[in-house]
Amino acid sequence: MPDSAAAATLDPLAADAAEAEEVSLGGERRSLFIVVSGPGGTGKSTLIQRWLDADPTLGYVRNYTTRPQRPLDPDSGIDDADWFHFVSPAEFRRLVEADFFVQWANASRGYASGTPIAPLHDAVERHQDLVFDYTPQLFINLRRLFREHVVGVFIVPPSLGELRRRLHSRAGASDAQIELKYRMGVQDLAFMDEHDYLVVNDDLDQTLATLAALRQAETCRIANLRGLTEKYRTLAPRSMLFYYDLHGERLAYLSDE
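Report follows, based on the coordinates. (Residues numbered from 1 in each chain as written. Predicted model: local features only at pLDDT ≥ 70, side-chain atom pairs only at ≥ 80, totals over all residues. Heavy atoms only, no water.)

### A short note on the pairing of strand β9 (residues 150-156)
Formally: Here's how the labels work: a residue is buried when its accessible area is under 20% of the maximum for its type, exposed when over 50%, partly exposed in between, all with a 1.4 Å probe on protein chains only. A run of DSSP states H or I qualifies as a helix once it reaches four residues; a run of E qualifies as a strand once it reaches two. Both are numbered from the N-terminal end. Two strands are said to pair when DSSP picks up at least two bridges between them.
Among the 7 residues in β9, 7 count as buried, and that is most of the element. Of the two faces of β9, both are covered, the one formed by V150, G152, F154 and V156 as well as the one formed by V151, V153 and I155. Bridge count between strand β2 (residues 33-37) and β9: 5 bridges; the pairing is parallel. Bridging from a neighbouring strand, V35 pairs with G152 of β9. Direction of pairing for β9 relative to strand β10 (residues 197-200): parallel, over a ladder of 4 bridges.

Right, here's the structure in full:
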């Protein structure tokens, strides 16, 4: 079957158009970097874990962090080792200086985390979709570097009161930590309009279904299909659209006279 380059010489309206008619009208899909962003405590990690468990075609890139590993969460079943590589501050600094990360953040003194860049380039080459668990700051930074691939989904709880309740339900968090997370979450709301979609995480199953539907819709977005516009312009050169009827005469052309 001819590829898009060969199609440049084909005319589907020519007398011998059999070869042109075999040209695929689909496009080569770009990989999607679906960033699940929003305030801490909205259930992003639980959503992503369940999504990854349900869909083996979706990938995840483990971050590197200098913080200690947390114990297994008995409620969500989230295992810290599934989400992070744990390294010393000295090793983390060495990786930063080696341009190992696509981005990194120093959340507080002695606590840094970063996303390695090599797996992202690999995903682009393999046309694999990835999902990320990010704050709005990290989402915006990633979008600046991979604008053609990044899709931002802003996840929120039904209300700020529900956000506070979810933060209080976290095991081992002190009142001061909860208040800090709550204030950070309120500030995160200011970056909602930087994202492509807003999803209210009220029902976990429904939210997962919505995320899967958004991914499917993005695979059909024309902007995410490489070479598609050029192929169609080759097969069907754009012509002028005539729609003016300045004197109201169009209906007159349809008379029997």
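So that's the structure; there's more coming.
### Considering the environment of S24
With respect to the helices and strands, the residue S24 is situated in the loop between α2 (18-21) and β1 (28-29). Separated by 204 residues in sequence, S24 and L228 place their C-alpha atoms 9.9 Å apart.

### A closer look at the pattern of salt bridges
How we decide: Salt bridges are defined by distance alone: a side-chain nitrogen of Lys or Arg within 4 Å of a carboxyl oxygen of Asp or Glu.
Summed over the entire model, instances satisfying the criterion amount to 14 salt bridges. Salt-bridge contacts for E91 lead to R94; the nearest nitrogen and oxygen are separated by 2.8 Å. Of the two residues, E91 and R94 both sit in helix α4 (residues 89-97), 3 residues apart, roughly one turn of that helix. Under the relative-accessibility criterion, R94 is labelled partly exposed at 45%. Through salt bridges with shared partners, a single network forms among R29, D55, D129 and R215.

### Some thoughts on the sheet that holds strand β3 (residues 58-59)
We apply this condition: Only heavy atoms matter for contacts: two residues are in contact if any of them lie within 4.5 Å across the pair. Under this scheme, a helix contributes an axis fitted over its contacting stretch, all axes are lines through C-alpha atoms, and angles between N-to-C directions fall in the 0 to 180 degree range.
What the 5 strands build is an open sheet, ordered β3-β8-β2-β9-β10; its pairing is parallel. Of all the strands in the sheet, the pair left with one neighbour each is β3 and β10. Contacts between helix α5 (residues 118-126) and the sheet are confined to β2 and β8 (129-134), with β8 contributing the most and set at about 150° to the helix.

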